[in-house]
Each structure stands twice: as C-alpha cells, then as structure tokens.
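Residue-level structure breakdown
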Amino acid sequence: MRTPTRSVPSAGGLLSTPAPDAADRTGQATTPEKPPAQLASPQVKPGADEEIWRRVTHEVADDLAVDALARDRAGKPPFDELARLREAGLPALLTPPGPARRGTDWRTACAVIREISAADGSIGELLGRHYVLSWSARFFGTPERADGLERRASAEQWLWGGGIDLPDTEPATGPDLTLTPSGGGYLLNGCQSFAAGVAVADRLVLGAVCTDTGESLVVCVDPAHPGVAADPENDRLGQRLSAAGRISFDGVPVPADQVLGAVPHDEHALAPFSTLAPLVLRLALVHVSLGIAEGALAEARDITRAAPRSRPVTGRGDGAYPDRPGADPYLLLAYGELVTEAHTAAAVVESASEALARGLLAGPELGVDQRAEIAVLVAAAEAVTSRSAMHLTTRILELTQGADSLGFDRFWRNTRVLTAQASPTHRLRDIGDHYLNGTHPALTLHA
C-alpha cells in the first residue's frame, strides 16, 4: 500500500506530508501507573524559533499517528502519550512572550494543537486544554505569582488539568466545590467532572466557593494529595484518551499562596482580559475539531488512491478520466467539495486566532470593545468549524465504505463529542445580535 499522508495545519491550508503506513498501526498504549513529570527536553531550548517547534511537533504527530487506532480501541489513560509530549518539550511550549522568551506565542500553540489533533484528536484536546489552563495565573492572579508558577511548571513539564468555569452558586444546587477557611489557608471539598486531564494531570486549576464569604476563588491543587480521588471515563463515545472523568476532593488543603485570585459575581466588575479565558478554551477546541477533520480527510485521500475504481465508466465525459485509483469523477467532485469546506473553515479559524493573539498580548489593557470583537470571531469560528467537521467526518465515512478496519469511525466519534459541548445556534444568535444591534457578548467565565 502507498504510504499515506497526513494534513499539516498552516495558514495556507492543507499540506501533504509523509506519515506512517496505515497498515502499521499497532502497539499498546500505556504504562500501568502515572510516571513523574520529566524535566524539559534539551531538544528544544528556551527561545527556540517557531520553525523548530513546528518540526518537533511534526515528529511527535507522526509518532502518534502510527498507533492511533490501537490506542483509541484500548482506551487506556494516556500516560505513554504524555511521555512522548514531554520528551519533545511540548507541555512547556506556551508561556507568555517576554524578554526571557521561555516559550512561544499563542499562534504557534494553535498550530501545535491542530497538528497533534490531526494525528490523535484526544491528545490534541488534552494538550489544548493544558495550554489554556497554563495561563490561569495570568488571567486571575498577579504578574509576580504568574511568573513564579510558570517558571516551575515549565521546568518540571507539568500537565495542567481541571477547569476555569465559575462554580454553580444557585441555591437549589449549591457549588460543586467549596473552600472552608482553615489555618491561614483552605480545605477543598466536593466533586466535579472534567473533560480532560483526570488522573494524569500534575496540577489542577479549579473554581470553588468560599463557605464563609461566598467568594468564587480560582485555586491551584496538587492531585497527588491522598484526599483527591479520580474516576476516569475511558469508555466514552469519542475522545477516549483525553482522560475525562470525575474528581472528588475530601479535605484537601489549599495554602493561601495557591489561591490564584478571586472572581467577582458581577459581570460588570470582571476585567475584559480575564474573560478571555473561556474564549481561549473555545478556540483551542476549535483547532482540535479542525485538526481532526483535516486528519480524516488526508487519511481518506490515501485510502481512496489505493482503492480500485468504485464506479464503471459511463458516458462520453467519463472516458477522459484514466482508469486508475482516484479517477472516479464522483469522487473527485466529493473531495473537491470537502477540501473547499476545510479551507473555508481554516480561513475563519485563522482570523479568530489572529484576533485572540492580539488580545492576549494586550493583557490588562484589553478593552471591552476589543474583547467583544474577539468573542464574535471566536463564535464564528466555532459555528463554521462545528458544522464543517461533522459534515467532513460523516462524508468521509461514506467515501471510505469497506475501510472499517482502518478506524475512520474514530474521527466521527471524536468530532461528535467535541461539537456536542456547545450549540452553534447560540453562537450564531450572539453573532447576529452583535451585527444587527451592536450588542456585546456577555462578559463571562462560562465557556
């Protein structure tokens, strides 16, 4: 069989690059227990330019693509996959740009998320959520605290897990997580579900309510404490290796210096920069969805090239097509439509990524109007990519009928799980309200 190719995210769209043969997708996925975080790999040193990061990412993606199907079917916690990411230094890639240049910028991180997702959507989501959470101290804490936390996290290659949504404070239900003052710090109690990082994260970022004051606090927690119990969900419909699940906390101590910041209840008191946090998460997941769709399209292309002609030649017009794999005019039309759809989605996503990168660089100086424009562009990227990714992966299942052994269903399953997390209808309504009435999307920390 011809060596298949894998799509590589770029500003220019889909590019063809060599990848491992689909027939060689074998191997086991994980080690039985969580290994300790490793020090940053010398392969990529601080200050490395974007091109080096892209080459390293390409190598990791190629490695993940080899056994993606076997690992998806095994559904084990992604300890082995995280070891591969750490070996390449990818967990420490995204740190705020500055004189030290310890990492790189948001646009490069987006390209990394997208390419890893093309090879393995679950690991792409795990890495994307990690990058978003690694900025939590910047969004909610002081620059000094953020700098110290980021230096340690980068040096030790921490994987971040948890979530930054505001906790539910409705009287009927109460908050999922609570913080009880104790000895100058707090005790964390409760349980909550998370979409990634359960049982594999080195640190958790959580939102919890103080039982004394009712304040919503964002805290950093070490999941190695015996009061933390994780219940992974490895048998989900899709994204089986993202380490989703539920975590319970029973009297887990949280020192005062691990409180990143407080979140005002009044949305008008929220800083526009802090409310970029959910937008960053949403756009990261958009890149995951787009990467999955591009990966599916590239793999389907190679299967089609190697397959025999599926339809007989009929009519004079068809006679111009040579009788070779991939010469079916109906297939050419279908792939033309799918590639065009992927390019269209990529263009919308690139526009949103550029705007968000500028907003992150603005920092606390970000204004309400600029934040509103970013929110609208991210909503547009979500709406377009959600529909395109579902259509692409569904259509590819039809075009590759008879290739079930190659696992094309995983692309559809992964996309379905990701797109089910948000309604395109709500995003389109916000876009329309902004365009027609000039209404700003709400300042919120809800994704």
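Residues numbered from 1 in each chain as written. Predicted model: local features only at pLDDT ≥ 70, side-chain atom pairs only at ≥ 80, totals over all residues. Heavy atoms only, no water.

Focus on the pattern of salt bridges
Here the structure, examined in full by the defined rule, presents 26 salt bridges. For R203, the salt bridge identified is with D222, shortest N-O distance 3.6 Å. Taken together, the residues span a long stretch of sequence, with R203 in strand β6 (residues 203–210) and D222 in the loop between β7 (216–221) and β8 (228–232) at a distance of 19 residues. Here R203 falls in the buried class, since its relative accessible area comes to 12%. Put simply, R395 and E398 hold a salt bridge, and the shortest N to O gap is 2.8 Å. Placement of the pair is R395 and E398 together in helix α10 (residues 368–399), with a separation of 3 residues, close to one helical turn. (Salt bridge = Lys/Arg side-chain N within 4 Å of Asp/Glu carboxyl O. Helix = DSSP H or I, 4+ residues; strand = E, 2+ residues; numbered from the N terminus. Buried < 20%, exposed > 50% of the residue type's maximum accessible area, 1.4 Å probe, protein only.)

Describing helix α1 (residues 50–66)
Over its 17 residues, α1 runs 25 Å from end to end, which matches the ideal 24 Å to within 8%, given 1.5 Å per residue. What α1 keeps buried is the set W53, V56, T57, V60, A61, D62, L64 and A65. (Expected span 1.5 Å × (residues − 1).)

Things to note about the packing of α10 against helix α12 (residues 424–437)
Closest axis-to-axis distance for the α10/α12 pair is 9 Å, and the angle between their directions is 140°. Comparing the axis directions of α10 and α12 gives the class oblique. Both α10 and α12 take part in a crossing whose hand is left-handed. On α12, the residues touching A372, E373, V376, A379, A380, E382, A383, S386 and R387 of α10 are P424, R427, L428, I431 and H434. Here the contact of α10 with α12 is composed, by residue class, of 8 nonpolar, 2 polar and 4 charged. (Axes fitted to C-alpha atoms, helices over the stretch in contact; angles between N-to-C directions. Parallel < 35°, antiparallel > 145°, perpendicular 65-115°, else oblique. Left-handed = near helix turned anticlockwise from the far one by under 90°. Contact = heavy atoms within 4.5 Å. Nonpolar A, V, L, I, M, F, W, Y, C, P; charged D, E, K, R; others polar.)

Some remarks on the nonpolar core
Side chains of nonpolar character tend, in soluble globular proteins, to be buried together. Ranked by size, the top nonpolar core spans 92 residues in total, and within it L90, W106, I116, Y131, F139, L276 and L360 carry the most contacts. Here this core gets 17 residues from one element, more than from any other, and that element is helix α8 (residues 276–306). Residues in contact with F139, not counting those within four places in the same chain, are V132, F273, S274, L276, A277, V280 and L360. Ranked by size, the runner-up nonpolar core spans 20 residues in total, among them L188, F194, A201 and V254. (Core = buried A, V, L, I, M, F, W, Y, C linked by side-chain atoms within 4.5 Å.)

Here we look at the pairing of strand β5 (residues 185–194)
The sheet contact formed by strand β4 (residues 177–182) and β5 spans 6 bridges and is antiparallel. In the strand pairing of β5, T178 is matched with N189. One ladder, built from 8 bridges, connects β5 with strand β9 (residues 245–254); its direction is antiparallel. Bridging across to β9, Q192 finds its partner in I247. (Pairing = 2+ DSSP bridges.)

Focus: the environment of G183
By secondary structure assignment, the location of G183 is in the loop between β4 and β5. A relative accessible area of 87% places G183 in the exposed class. The sequence separation of G183 and P255 amounts to 72 residues, and the corresponding C-alpha distance is 8.8 Å.

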